[in-house]
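# An overview of the molecular structure
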Amino acid sequence: MESASAQSPKFADVKDMSFERALKELETIVTRLERGDVELEESIAIYERGEVLKEHCDRLLRQAEAKVEKLTFSADGSPKGSEPLDS
């Protein structure tokens, strides 16, 4: 089975979305699906879009996490550099 993200033209606009915009749209989709007042065909379509938005948000979060660094300080309290956050 082909993933929703592989159905390129339909979801092409997602790749350029900011995290905040993608998350807001994803929240709207979840709310609509939870209400249950959406026709079956539309439910399937917005669910597929939600999957693509979720993958996009996850990818952006992983990228941001990789950039986060922890500042290191010498014994006298002066900054001496940085290191990856998870070390």
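Below you will find a few notes about this structure. Since we're looking at a predicted model, the values are computed, not measured. (Residues numbered from 1 in each chain as written. Predicted model: local features only at pLDDT ≥ 70, side-chain atom pairs only at ≥ 80, totals over all residues. Heavy atoms only, no water.)

## Section: the overall build of the protein chain
Scanning the protein chain for helices and strands turns up 3 helices and 2 strands. The N-to-C order of helical and strand elements in the protein chain reads α-α-α-β-β. Out of the 87 residues belonging to the protein chain, those deemed buried represent 20%. Taking the contacts inside the protein chain whose residues are at least 6 apart along the sequence as the reference set, 50% of them involve residues at least 24 apart. Carbon and sulfur atoms make up 55% of the accessible area of the protein chain, which amounts to about 6600 Å² in all. (Helix = DSSP H or I, 4+ residues; strand = E, 2+ residues; numbered from the N terminus. Buried < 20%, exposed > 50% of the residue type's maximum accessible area, 1.4 Å probe, protein only. Contact = heavy atoms within 4.5 Å. Areas by Shrake-Rupley, 256 points an atom, 1.4 Å probe, with all protein chains shown as cover.)

## A few points about the environment of Glu-83
Note that Glu-83 resides in strand S2 (residues 79-84). Glu-83 sits 15 residues away from Val-68 along the chain, and the two C-alpha atoms are 9.0 Å apart. Excluding anything up to four places from it in sequence, Glu-83 contacts Glu-69, Lys-70 and Thr-72.

## Here we look at the side chain of Ser-43
Looking at the secondary structure, you find Ser-43 in helix H3 (residues 40-67). Looking at Ser-43, the relative accessible area reads 17%, which means it is buried. Setting aside chain neighbours within four positions, we find Ser-43 in contact with Leu-33 and Val-38.

Bear in mind that shape data such as this cannot, by itself, settle questions of function.
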